[in-house]
Structure formats: structure tokens, C-alpha cells
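Architecture at a glance
Read off the chains here:
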Amino acid sequence: MYGGGYVPAGADEPKVSAENPELLAQFEARIARGEKIEPRDWMPAAYRKQLIRMIEQHAHSEIIGALPEGTWITRAPGFRRKLALMAKVQDEVGHAQLLYSAAETLGKSREDMLNDLINGKSKYSNVFNYPAETWADVAVIGFLIDAAAIVNQVANSKGSYGPYCRALERICYEESFHLKQGHSVFVWLATGTTMQREMLQSALNRWWEPIMHFFGPSDTMSQHTETLMRWKVKMASNDVMRQQFLNMYVPKIWELGLSLPDSELRKDEFTGQWLFTEPNWDTFFQVINGNGPCNRERLAVRKIAEERGAWVRAALRRADARYATPLA
Ligand code: BYC
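Presented here is a report on the structure given in the accompanying data block. This structure is a prediction, so every number in the text was calculated from the model and none was measured.

1. Thoughts on a nonpolar patch on the surface
Residues Phe-79, Leu-83 and Met-86 make up a contiguous nonpolar surface patch of about 330 Å² in total accessible area. Of note, Met-86 is situated in helix 3 (residues 79-104). Met-86 gets classed as partly exposed once you look at its relative accessible area, which sits at 41%.

Okay, structure coming up:
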């Protein structure tokens with residue numbers, strides 16, 4: 001239905017110069033005026049392709065992101081923590097639903113997106129390729145990864161593509177509850193016994209580099225930022241978002257007497273910028289290209305879920321077909 005202009009993944013990058021110049025100028029003027037682009041509006045093929053890539057990766061990150069924390073539901077200490085974690089994990093899967101629906105408006109089917117995830121063709125966030133070894137990892141994910149996601153999503157919710165922005169607005173409300181849940185566990189452990197503090201410090205040390213990677217490669221290395229910012233898909237560059245995160249959350253970590261594994265980390269009071277050791281970008285590219293500690297396991301779990309859910313999807317399709325047939 002929305003097929004015009006959709007270029008499947010792997011095809012050559014659509015050329016903006018090949019677009020009708022009049023339509024392109026009108027489109028760019030709408031974006032400059034801050035208007036939202038809606039699914040049936042004209043859009044350049046490259047805009048459509050970039051949006052599908054980004055929203056799809058985001059949706060995959062939500063379902064794969066449910067896995068590391070999901071393994072802790074049965075082991076969460078106490079009924080209250082279990083309930084909160086279960087609700088959070090369920091929310092993350094719900095976010096994926098919203099995002100897959102937003103991506104579908106651009107012409108790629110959910111089935112194709114999920115197949116591309118399982119076949120390793122599509123990416124998802126680097127951070128979910130690491131194991132959640134202890135309960136403190138759940139605190140770090142819930143507090144700091146959700147915080148990092150909020151920085152990114154609040155910015156992008158002001159972007160140009162209507163369905164993505166509306167999904168992000170709703171997601172941000174829910175993420176702020178997740179952040180509270182993560183913060184509560186984080187502070188509990190930070191102010192707990194020596195063993196609890198050590199467990200938290202160790203989790204923080206392990207997660208720091210993946211969190212720094214989360215915002216994407218530094219602006220000088222980023223492939224897509226320039227185009228995405230021009231079309232207001234991305235509302236801040238990777239480095240700007242990383243700086244915002246450092247500014248908001250490093251003081252909160254230090255206040256609790258915890259340290260971060262980077263001796264260069266400090267705020268330059270003169271420029272207001274945070275200085276830090278450049279994270280290892282080779283490691284980042286290894287992880288996002290399938291060679292992180294848990295990539296294979298994550299995709300294997302997803303594949304099993306797809307296989308076991310096949311009969312449900314088939315039954316739903318049959319039921320849909322039945323109701324679509326007019327009564328005799
Ligand atoms: N991980 O040109 P660049 C959550 C890739 S889930 C993996 O800078 P761009 C949560 C990038 O795709 C929230 N890959 O890219 C869920 C590109 O490769 P391709 C997740 C990454 O798009 C459950 C290449 O590197 N949030 O919160 O301009 C539990 C070059 O990068 C990453 C989103 O998905 C990465 N971190 O900017 C708890 C937000 N970074 O595609 C929490 C939506 C980069 O050319 N996405 N790459 O092969 C975005 O905002 C942007 O895509 C990014 C990257 C800022 C991430």
C-alpha cells in the first residue's frame with residue numbers, strides 16, 4: 001500500500017539528486033517549518049529508507065533489550081522488585097510493538113523486519129549484547145541505559161516523522177518510570193552493605209564503555225548524522241547526546257561515592273564540556289556486527305520465540321481472513 005519509494009535493505013543508497021527537485025524543495029520547506037511528515041505524504045526515498053533503518057533498529061533494541069533484564073524476573077529480590085521488573089520488561093516489548101507499527105507505515109512489513117533481525121541483517125543496540133551477570137546489572141541497565149535512552153528519545157520525539165515522534169512521546173513517559181525503578185535499585189545497592197556496593201561498582205565498571213558506545217560513534221565517524229539532522233529525524237548529534245548524558249548522570253553517580261573507570265573523566269569548567277577517554281570504537285563495531293559476548297545467544301532466543309509463536313500468528317491470520325469474508 002505504501003510501497004512507492006521503499007528500497008529494501010541492502011539495495012543501493014537512494015540518490016537525493018535523483019528526486020524531483022520541486023517535490024524535494026517542498027518537502028524540505030515543510031521540514032524547515034517544523035511540520036510533521038505523515039505516511040501518505042511525499043518523501044524522498046532516502047528519507048524513507050533512513051527512517052525504516054533507524055525505527056526498525058530501535059524496535060529490535062526494545063525486544064532484544066527485554067532479554068537481559070528478563071532473565072532476572074525470577075531472581076529479583078522480593079515480590080515488589082519482581083513485580084516492578086516484570087512490568088518494565090513488558091513495557092519494553094510494548095515499545096517494540098509501537099515502533100514496529102511506526103516502521104510499517106513506511107512500507108516494510110513486520111515479518112520482513114523480524115526476519116532481518118533473526119538473520120543478522122538488521123542491527124540493534126550494542127548494549128544488549130552483554131550479559132546481566134548480577135542483580136546490580138539490572139540496576140545499571142534500569143538507571144543508566146534507560147536514562148541514556150531518554151536523552152536520545154526526548155530529542156528525537158521532536159523530529160519530523162509523525163508516527164515515530166508520537167510513538168517516542170509515549171515511550172518516554174514509560175521510560176521515566178523505568179528510570180525511577182532503576183534508580184531505586186541503584187541507590188538501594190549503593191547505600192547497602194559493602195558486598196552490595198562492590199557488586200554495583202563492578203557492574204558499573206563493566207557497563208561504562210558499552211554505555212559510552214550507546215550514543216553511537218563520535219560525530220567525525222558517524223555515517224548518517226548529517227543527513228538525518230538535515231531532515232530532522234535525529235535532533236542532536238551522537239556527541240551532543242553523549243555530553244548531555246554525562247552532564248546529567250555522572251554527578252549523580254559520584255554523589256553516591258561510586259567511581260567510573262575513566263581517569264580522564266571530568267567537566268571542563270571553562271567550556272562546559274565533559275572530557276573523557278575515547279571509548280574503543282573497534283570493540284563497538286565488533287559488537288554491533290555480531291561479535292559481542294551475547295549476540296549469538298540473543299538471536300537464538302529470538303529465533304526460538306519466532307518458531308514457537310508461528311502457530312499463534314497462523315491462527316490470527318486465519319481468524320482475520322474469516323472475519324474479512326462477508327456473511328452469506
Ligand atoms: N548500537 O551513523 P551512525 C532501550 C550503528 S532501547 C548499534 O552514527 P545513526 C531499552 C548505526 O546503526 C533504545 N548500532 O548512526 C530497551 C550505523 O550502522 P548502519 C535504543 C549502532 O543512526 C530495553 C553505524 O553504527 N535506542 O532504551 O545516525 C531495556 C554508524 O552510526 C549504535 C535507539 O535505537 C548502537 N548504539 O545514529 C532498556 C534510538 N550506534 O545502520 C532500554 C534510535 C550507531 O549504517 N536510534 N550504530 O549499519 C538512534 O537514535 C540512532 O540510530 C543512533 C545512531 C544515535 C543510535
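2. Quick word on the layout of surface pockets
Empty space left among the atoms is revealed by rolling a probe the size of a water molecule over them. Quantified by volume, the second largest pocket comes out at close to 530 Å³. Looking at the second largest pocket, it is lined by 23 residues, and the ones nearest its centre are Arg-110, Leu-114, Arg-302, Glu-306 and Arg-313. Secondary-structure elements contributing two or more residues to the lining of the second largest pocket are helix 2 (45-70), helix 3, helix 4 (110-118) and helix 11 (295-324). No other element matches helix 11, which puts nine residues into the lining of the second largest pocket. In terms of residue class, the lining of the second largest pocket is made up of 12 nonpolar, four polar and seven charged.

3. Focus: the site of the ligand
Near the ligand, the surroundings consist of 37 residues, among which Lys-123, Asn-152, Ser-222, His-224 and Lys-234 are the closest. A distance of 2.9 Å separates a nitrogen atom of the ligand from a polar atom in the backbone of Phe-214. Asn-238 places a polar side-chain atom, nitrogen or oxygen, 2.8 Å from an oxygen atom of the ligand. Mapped onto the shell around the ligand, the elements with two or more residues apiece are helix 2, helix 3, helix 5 (135-156), helix 6 (162-190), helix 7 (194-214), helix 8 (225-230), helix 9 (238-255) and helix 10 (281-291). Take the shell around the ligand: its biggest share by element is eight residues, from helix 2. A class-by-class count of the residues in the shell around the ligand yields 12 nonpolar, 16 polar and nine charged.

4. With respect to the packing of helix 7 against helix 9
Interaxial distance between helix 7 and helix 9 falls to 12 Å at its minimum, and their mutual angle equals 160°. As summarised for this structure, helix 7 and helix 9 are arranged roughly antiparallel, according to the angle between their axes. Handedness of the crossing formed by helix 7 with helix 9: right-handed. Facing helix 7, whose interface residues are Leu-204, Trp-208, Ile-211 and Met-212, helix 9 presents Arg-242, Phe-245, Leu-246, Val-250 and Ile-253. Across the contact of helix 7 with helix 9, the residue classes break down as eight nonpolar, no polar and one charged.

5. Regarding helix 4
The set of residues buried in helix 4 consists of Met-113, Leu-114, Asp-116, Leu-117 and Ile-118. Considering only its buried residues, helix 4 is in contact with helix 2, helix 3 and helix 11. Following helix 4 by one or two positions, Gly-120 adopts a phi angle in the positive range, close to 80°.

6. Focus: the packing of helix 5 against helix 6
Interaxial distance between helix 5 and helix 6 falls to 7 Å at its minimum, and their mutual angle equals 150°. By the angle class used here, helix 5 and helix 6 are roughly antiparallel. Considering the relative orientation of helix 5 and helix 6, their crossing is left-handed. Considered class by class, the residues forming the contact of helix 5 with helix 6 number 18 nonpolar, eight polar and two charged.

The rules behind each value
- Residues numbered from 1 in each chain as written.
- Predicted model: local features only at pLDDT ≥ 70, side-chain atom pairs only at ≥ 80, totals over all residues.
- Heavy atoms only, no water.
- Patch = residues over 30% accessible without salt bridge, like charges linked within 9 Å, V, L, I, M, F, W, Y side chains within 5 Å.
- Areas by Shrake-Rupley, 256 points an atom, 1.4 Å probe, with all protein chains shown as cover.
- Salt bridge = Lys/Arg side-chain N within 4 Å of Asp/Glu carboxyl O.
- Helix = DSSP H or I, 4+ residues; strand = E, 2+ residues; numbered from the N terminus.
- Buried < 20%, exposed > 50% of the residue type's maximum accessible area, 1.4 Å probe, protein only.
- 1 Å grid on protein atoms, 1.4 Å probe; cavity = no way out; pocket = protein on both sides within 12 Å on 5 of 7 lines; lining within 4 Å.
- Points joined across faces, edges and corners; volume = space filled by probe spheres on them.
- Nonpolar A, V, L, I, M, F, W, Y, C, P; charged D, E, K, R; others polar.
- Near = heavy atom within 4 Å.
- Polar contact = N/O pair within 3.5 Å; in protein donor to acceptor, adjacent residues only side chain to side chain.
- Axes fitted to C-alpha atoms, helices over the stretch in contact; angles between N-to-C directions.
- Parallel < 35°, antiparallel > 145°, perpendicular 65-115°, else oblique.
- Left-handed = near helix turned anticlockwise from the far one by under 90°.
- Contact = heavy atoms within 4.5 Å.

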